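Listed below, chain by chain, are the residues.
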Amino acid sequence: MSQNVILLVEDNPDDVLLTERAFKQNNIMNIIVVARDGAEALDYLFARNQFAGRPKEEDPVIILLDLKLPKVDGLQVLKELRAAKRTKLTPVIVLTSSSEERDMCESYSLGANSYVRKPVDFVKFSEAVKQLELYWLVLNEGPPGGNGC
Amino acid sequence: MTAGTPRNASRKNKEDTAERKRLASFPELNPNPVAELNLNGSVLYINKSGKKTFPDLVKLGRFHPLMGNWDKLVEKLRNDPSGNLTRELEIGATCYHLTFVYAPEEKAVRLYALDITKRKLLENELRTAKHILDDQINNSPLAIIEFDSEFHITKWSEEAENVFGWAAEEVIGIKMTDLAWIYEEDLQIVEEESRNLFSAKTPRSLNTNRNVRKDGSVIWCEWYDSAVYDSNENLISVLSQVLDITKRMEAEEALKSSEQRVRRQLENVLSPEGDLGALELADIVDAAAIQSLVNDFYAISGIPMALIDLKGDVVVGVGWQDICTRFHRINEETCRFCVESDIHLTEGIPAGEFKLYRCKNGMWDMATPIIIGGEHLGNLFCGQFFFADEAVDRAFFANQAKRYGFAKDAYLAALEIVPRVTRADVDLTINVYLKLAANISQLSYNNIRLARLLVRKDELTKALESSEDRLNRAQSIAKVGSWELNLITNKMTWSDEIFRIFGLEKQAFEATYAAFLDIVHPADRAAADEAYASSLCEGQDSFEIMHRIVNRANGDIRFVEDKGQHFRNNEGRVVRSVGMVQDITERKKADEFMRSQLHMLTEANTSAQFLDDILQIFLDECESLTGSQIGFCHFVDEDQQMLILQNYSTKTLANACTAEGIGTRYPIADAGVWADCARQGRPIIHNDYSSLPNRRGTPAGHVTVVRELVIPITKNGQVVAIFGVGNKATDYTEADVAALTHLGNLSWEMIRRKRTEEELRLSAAALATANQELETFAYSVSHDLRAPLRSLDGFSRALLEDYSDQLDATGTDYLVRLRKGSQKMAQLIDDLLNLSRMTRQDMTRHRVDVTALAEKIAKNLAEQSPERKVKIDIEPGMVADGDPKLLEVALGNLIGNAWKFTSQTEKARIEVGSREKDREKTYFVRDNGVGFDMKYADKLFGPFQRLHHAAEFPGTGIGLATVQRIINRHGGQVWATSKPGKGAKFSFTLS
């Protein structure tokens, strides 16, 4: 049984806190797993190293991915998870400060499902998270047969 | 803005200051100096790079007077509509480009500095290189004209000005055929020549044709054209070297005409049909000598005689009869009879014959004509007399006396003493006088001829002398000598110039064909002899050969052109050859020189990639031009301490040197005699290398040096390189020094040019890197700078939401301000990034539907503020050539501004349209909003320049700066017109 884990890949603790707060305010009760860099995110996704043996049920239903990350950057994470059978269909929302066009283009071309620019205004941020929840967690139907197809 | 928050201007200023301080952290990252000074010149802020570059600014804490007069600068800035000024400043060897930007709201001046030393240096170098190249072309002994592939004149040397009379500025850019400088009759040759050059059939050609100078005079020119093609064999340019050979042609012409004239004159004089002109008999005959002769003869024969000219004047006479002198020639009528008889009765007598006749006065006379030089000038008469065997008709004479009133007795007495002569005596006398007449004729004529010949000879000698003089002068100018070889007498004559060309004393040397062959360079002797001999045998009439001669006086090897023409007798045998010898050494050298130069330049421009390659090509040329076997080049380091071996010629590398490696450094002080040139800064010739006392000897494997010539390349008083050649077969001369110096300098300029090109390429690469870094910087700003702001805003919000019960109104207000500040800063960052993106972003031009773009923008605006009622008129069918994305940003800003500044206007109206004037399209966005005062018009487009308070109209002041940047990138212009309260009109063009 899926535990509806949301994987938040974010190195900035402030942003983590604010994101969690925005989730809470919007009554999103999913378990939020935070990966602090790209390598950790990949380890979690592929259940290796410190996450070895993690139950499959904890596979995220959605990944919120920052682009600028220590060790392995967001675009690289995106590339790798899209290449793996296990995560190839998991919705990925790129959540980043950048409004650089090349980031946006590259994200989409690597298979991001959505691209959300983190606004400085917290109200707007909260609004954005709410939209996310509405679309990806409520309205959007996951791929048939879980993530395994 | 949060509703209900109290605001006033001073608070707003404080806020801005705080923002500015936050923003101040950016310049720290800027690698170029940035500073901010207040209006008194005190330093408010200076970044890290600035501190390093302008330590005085930091030490003084204010603008350094050495950097300029601050007060004047500020005054200028305040009055300058653009609000910024630029200066160039040199600190030591470094040159900075300073930009001062006036920020009136902050009462501050920002200073941005950029190190432009390298750029300046490169610019200078390029200028010098070009200058020197032009100089060399201008100093060439030949006129240099360059044409582009369309045959437009692109280069016109000073010598070209001299030859053709047009100045460079009159002809540059003009098509070859549009200049009236080709002699009409030669037009066809010239056109054909151009066609051949075009079709790459003859990339080089030599032509002789006539040209017309600017002043209309016609000159003969030798054209040496070289076409330069690119690797696809497309014609790039044609380089023509022109030599004015009019003088040479004149000398040839003068020789020909002087010969003709001399021959005609001589023929005239020697012809027996001389013209005696107006001479009279008395002028011709020696009257005294003849008189004495005939007196004697009269004493024997008793027969009178007279020599009378055709007018009747007596030149010589003897035995005049009283009857004639006292009676017949006194009476008018009888005298007429005498003269009539003298003239008419003697008409038509052939020379050498006598006519015997009775005169009208009744006595006998004989006459024979005196014909001198074919002209009848007078007659020789014998008479009057009576034959001894005839009876005198006394009655007739008595009747005569009566008729003409002569005293009868005296008249008859005179008749009695008229000689009576026997027929034998008359025959004898006739013979004597016939011979005398013939002698008179012949002698007199000979005398005349002799006299005339003498006169003519003097005249001819004078004429010949002056024509020879002219010829010699012409020959000396054109360096053309003439010769003549008489094959019958085997005598040869040389003109003065030939003696000069051969280096011989005219008096001390006899001109012979053998002597000529002896002067010819040994290697060319056989060919020269063969050319002359074969032209004799093969029935040709002329020959032409180019060969070398060895000047007897100084041993110089000169190149001459030898042309000859044969004259044959009736049997077809050559009896005489005449010809010319022209010293073409200078022309040939210049020619060779130009060829070398052209080759070097072409090679350097097309094939050579590396400096070493260029250098090698140059050294090969230096070597071959000076007839050397070795060529080398060293650079001299900046300290003038070391020589660095740069390259050898191809031949040297292949055959000679193995000992030393390229790149080896030699201290100048310790180097051998070959470095004398670097030490002394002047060309050095060692023609006796092996016997030099201070010679050090060469390392093993080094080629044996017999002779060498090394020249320095000097720039700004310092030797920068040395070029050397060695082992010429004969001694090096000043001519070699000149050639090597010229080529060396040219090489150096080419090297410098290549270096400059290389440096420009590197600096372009550096610029690209800098742009790349800017990109990275912008990217990281976009990511990292926003994150802290998000925290500020987010947690303030969290505080407001979660802890509102623990905050009083002031606390809440602070938090609200905190949030507003961070949001404003986020906006500023976004705008700045946008602005920089406008510059960084690639631009591609397309046809843009401006009308559609404006409509889309208007629609968006209306959707964002549905409460606004704005009438927007957009001209249909507007199109433009530009980058669609950038134009959308620009137009979005302009229409957005109009939208914003009409927010307080009733019946707001916006118009988007275009006008066309002088084929230039101007687009405009007009509104009826608040407008602005035109005195601030020029500040509108500066970044962060705002004419309205944020409370009135929100914005960061980056929009119009962005618009300007976009329009500028399109090569267009943007400007605004307005009046406060009357709306504004923003217009722009796109080139």
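Whatever comes next refers back to the structure up there.
The sections below set out a description of the structure shown in this document.

Each value, and the rule that gives it
Residues numbered from 1 in each chain as written. Chains lettered and ligands numbered in written order. Predicted model: local features only at pLDDT ≥ 70, side-chain atom pairs only at ≥ 80, totals over all residues. Helix = DSSP H or I, 4+ residues; strand = E, 2+ residues; numbered from the N terminus. Buried ≥ 20, exposed ≤ 12 C-beta atoms within 10 Å, placed from the backbone. Contact = placed C-beta atoms within 7 Å. Nonpolar A, V, L, I, M, F, W, Y, C, P; charged D, E, K, R; others polar. Pairing = 2+ DSSP bridges. Axes fitted to C-alpha atoms, helices over the stretch in contact; angles between N-to-C directions. Expected span 1.5 Å × (residues − 1). Arc of directions from axis to C-beta. Core = buried A, V, L, I, M, F, W, Y, C linked by C-beta atoms within 7 Å. Right-handed = clockwise from strand over helix to strand, strands pointing away.

For chain A, the helix and strand inventory stands at 5 helices and 5 strands. Relative to its 149 residues, chain A shows a buried fraction of 37%. Look at the contacts in chain A between residues 6 or more apart in sequence, and 69% of them connect residues 24 or more apart.

A few words now on the interface of chain B and chain A. Listed per partner, the contact involves 15 residues of chain B and 16 residues of chain A. Among the elements that make up the side of chain B that touches chain A, the one with the highest residue count is helix α25 (residues 734–802) of chain B (12 residues). By residue class, the composition of the side of chain B that touches chain A is 5 nonpolar, 6 polar and 4 charged.

On to the sheet that holds strand β20 (residues 557–568) of chain B. Residue and element names in this part refer to chain B. Strand order in this open sheet of 5 strands is β18-β17-β21-β20-β19, and the pairing throughout is antiparallel. Here the strands that pair on one side only, and so sit at the sheet edges, are β18 (491–494) and β19 (542–550). Between one strand axis and the next, the sheet turns by 20 degrees as a mean value, whatever way the strands run. Sheet analysis places strand β17 (residues 480–486) next to strand β21 (residues 574–583), joined by 7 bridges and oriented antiparallel. Across the sheet, residue S482 finds its bridge partner in β21, namely M580. The strands that helix α20 (residues 522–537) touches are β19, β20 and β21; relative to β19, the one it contacts most, it runs at about 160 degrees.

It is worth spelling out helix α27 (residues 850–864) of chain B at this point. Residue and element names in this part refer to chain B. With 15 residues, α27 should cover 21 Å at 1.5 Å per step; its first-to-last C-alpha distance of 21 Å lies within 8% of that length. For α27, the set of buried residues is V850, L853, A854, I857 and A858. Down the axis, α27 shows its buried residues gathered within 130 degrees of arc, on one side only. Exposed and oriented more than 90 degrees from the buried face of α27 are K859 and E863. Elements in contact with the buried residues of α27: β28 (846–849), β29 (870–874), β30 (879–882), α28 (884–901), β31 (908–917) and β32 (920–927).

A separate point is the nonpolar core. Residue and element names in this part refer to chain B. Formed by 49 residues in total, the largest nonpolar core has its most connected members in A854, A890, L891, L894, I895 and I910. If one sorts the elements of this core by residue count, α28 sits on top with 9 residues. With sequence-adjacent residues up to four places away left out, L891 is seen in contact with L853, A854 and I857.

Residues and elements named next belong to chain B. Looking at the element boundaries, T664 is found in the loop between α23 (650–656) and β24 (665–667). The exposure class of T664 is partly exposed, given the 13 C-beta atoms found within 10 Å. In this structure, the C-alpha to C-alpha distance between T664 and I644, residues 20 residues apart in sequence, is 5.7 Å.

Our next topic: the pairing of strand β4 (residues 92–96) of chain A. All names here are of chain A. Buried residues dominate β4, accounting for 5 of its 5 residues. Burial along β4 is two-sided: V92, V94 and T96 and I93 and L95, pointing in opposite directions, are all buried. Relative to β4, strand β3 (residues 60–65) runs parallel, the two being bridged by 3 bridges. From the neighbouring strand, L64 faces β4, where its bridge partner is I93. Where the polypeptide runs from β3 across helix α3 (residues 74–83) and back to β4, its parallel neighbour, the crossover connection is right-handed. Here 4 bridges tie β4 to strand β5 (residues 114–117), and the two strands are oriented parallel to one another. If you follow L95 over to β5, its bridge partner there is V116.

All names here are of chain B. Ordered by their spatial adjacency, 6 strands build an open sheet running β24-β23-β22-β27-β26-β25, and the pairing between neighbours is antiparallel. If you trace the sheet from one side to the other, it starts and ends with β24 and β25 (684–686), each paired once. Neighbour-to-neighbour, the strand axes of this sheet turn through a mean angle of 25 degrees, independent of strand direction. Pairing geometry for strand β26 (residues 708–715) and strand β27 (residues 718–726), over 8 bridges, is antiparallel. By the bridge assignment, L709 is partnered in β27 with V725. The sheet contacts of helix α22 (residues 611–625) involve β22 (630–636), β23 (642–648) and β27, and relative to β22 the element is tilted by about 135 degrees. Across the sheet, α25 touches β25, β26 and β27, and the angle it forms with β26 is around 45 degrees.

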